[in-house]
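This is what each chain is made of:
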Amino acid sequence: MKEPLVVGMTGGSASGKTLFLSSLMEIFQENEICLVSQDNYYKSRDTQPVDENGVKNFDTPLSIDFDEFRHDLEELKKGNTVHRQEYTFNNPNVTPKNLVFKPSPIIIAEGIFVFYDKELSSLFDLKLFIEAKNYLMLKRRITRDAVERGYDLDDVLYRYEKHVAPTFEKYIEPLKHEADIIIPNNHHFKKALQVVVAYLKMELADRKA
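Residues numbered from 1 in each chain as written. Predicted model: local features only at pLDDT ≥ 70, side-chain atom pairs only at ≥ 80, totals over all residues. Heavy atoms only, no water.

1. Description of the overall build of the chain
Going by this rule: The helix count covers DSSP runs of H or I at least four residues long, the strand count covers runs of E at least two residues long, and both are numbered beginning at the N terminus. It is over C-alpha atoms that the radius of gyration is taken, and the globule rule equals 2.2 Å times the number of residues to the power 0.38. It only takes one pair of heavy atoms within 4.5 Å for two residues to be counted as in contact. Here the Shrake-Rupley method, with its probe set to 1.4 Å, supplies the accessible areas, and only the displayed protein chains count as covering residues. His residues and chain termini do not enter the charge count, which takes Lys and Arg as positive and Asp and Glu as negative. Lys charges are placed at NZ, Arg charges at CZ, Asp charges at CG and Glu charges at CD.
For the chain, the count of helices and strands is 6 helices and 7 strands. Along the chain, helices and strands appear, N-terminal first, in the series β-α-β-α-β-β-β-α-β-α-α-β-α. A compact globule built from 209 residues should have a C-alpha radius of gyration of about 17 Å, and the chain, at 17 Å, falls within 12% of that. Contacts in the chain between residues far apart in sequence, at least 24 positions, make up 74% of those at least 6 positions apart. For the chain, the accessible surface area stands at approximately 11500 Å², while carbon and sulfur atoms represent 50% of it. One way to put it: in the chain the 28 positive side-chain charges average out to a point 4 Å from where the 33 negative ones average out.

What follows is the structure, encoded as structure tokens:
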């Protein structure tokens, strides 16, 4: 059996990673592809860094437990099933799910910092970067957090200005050149999705042969 193809995917906050991935996952069977999200590898809330105004900043590499992330990806590559509790940011209204990641011919690791950690990044056979203009990412973030999730608009704008935008400029955008494929998502990603799907299907067929 060949080792699974490990794909790393990143991009700025609200660049469209979730929508792209949901579109991608719908095309493949459950036993063909496994998605592991950085969102479930945040360190505990009480250890998160705070900014000069005492606001917790989840938009920094210091927020992520990269050791656990790497460990789980390596276990999946070995063919082992991984169990992990969903990270809920200590939201009392959400009951954490028990997540089960099963080894598959294709493994996707996604998150804003998956290129940042060099040991994690070295596990990727293919790197994807979702790109969108800054004003569109801000607009999508407002729609998602303030409109759809009911977050206070001032809080959304504060976090975007103080945390999200500086993080993108410092830790995410500079690593775009490491991507094998840059996927523009200012209006749609239909053609880029077709290209990625075609490549993954080719790799999948090779592993099933």
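2. Some thoughts on the layout of surface pockets
A water-sized probe, rolled over the atoms, reveals where empty space remains. We count it as follows: Note on definitions: the grid is 1 Å and covers protein atoms alone; a cavity is a set of points where a 1.4 Å probe fits but cannot get out; a pocket is an open set with protein on both sides within 12 Å along at least five of seven lines; lining residues have an atom within 4 Å of a point. Grid points are joined across faces, edges and corners, and a volume is the space filled by probe spheres set on the points. Here the nonpolar group is Ala, Val, Leu, Ile, Met, Phe, Trp, Tyr, Cys and Pro; Asp, Glu, Lys and Arg are the charged ones; every other residue, Gly included, is treated as polar.
Taken as a whole, the second largest pocket spans an internal volume of roughly 300 Å³. In this structure, the second largest pocket is lined by 13 residues; those nearest its centre are Met25, Glu30, Ile33, Cys34 and Leu35. Elements represented by at least two residues in the lining of the second largest pocket include exactly β2 (33-37) and β4 (98-101). No other element matches the 3 residues that β2 contributes to the lining of the second largest pocket. Among the residues forming the lining of the second largest pocket, the class breakdown is 8 nonpolar, 3 polar and 2 charged.

3. Describing the sheet that holds strand β5 (residues 106-110)
Test applied: By the convention used here, strands pair only if DSSP detects at least 2 bridges between them. Where helices are involved, their axes are fitted lines through C-alpha atoms of the stretch in contact, as for all axes, and angles between N-to-C directions lie from 0 to 180°.
Strand order in this open sheet of 5 strands is β2-β5-β1-β6-β7, and the pairing throughout is parallel. Each end of this open sheet is capped by a strand with a single partner; those strands are β2 and β7 (181-184). Direction aside, the axes of adjacent strands within the sheet are offset by 20° on average. Alignment of strand β6 (residues 126-131) against β7, held across 4 bridges, turns out to be parallel. From the neighbouring strand, Leu128 faces β7, where its bridge partner is Ile181. Against the sheet, helix α1 (residues 17-25) engages β1 (5-11), β2, β5, β6 and β7, with an angle of about 150° to β1.

4. Some words on the pairing of β1
What counts, and what does not: The cut-offs for exposure are 20% and 50% of the maximum accessible area for each residue type, with area from a 1.4 Å probe on protein chains only; residues under the lower value are buried, those over the upper are exposed, and the others partly exposed.
The buried fraction of β1 amounts to 7 of the 7 residues, a majority that puts the element mostly inside the structure. Alternating positions in β1 separate into two faces, Leu5, Val7, Met9 and Gly11 on one and Val6, Gly8 and Thr10 on the other, with burial throughout. Judged from the 5 bridges that link them, β1 and β5 form a sheet pairing that is parallel. Residue pairing in the sheet places Met9 in a bridge with Glu110 of β5. Direction of pairing for β1 relative to β6: parallel, over a ladder of 5 bridges. Directly across from Val7, in β6, lies its bridge partner Leu126.

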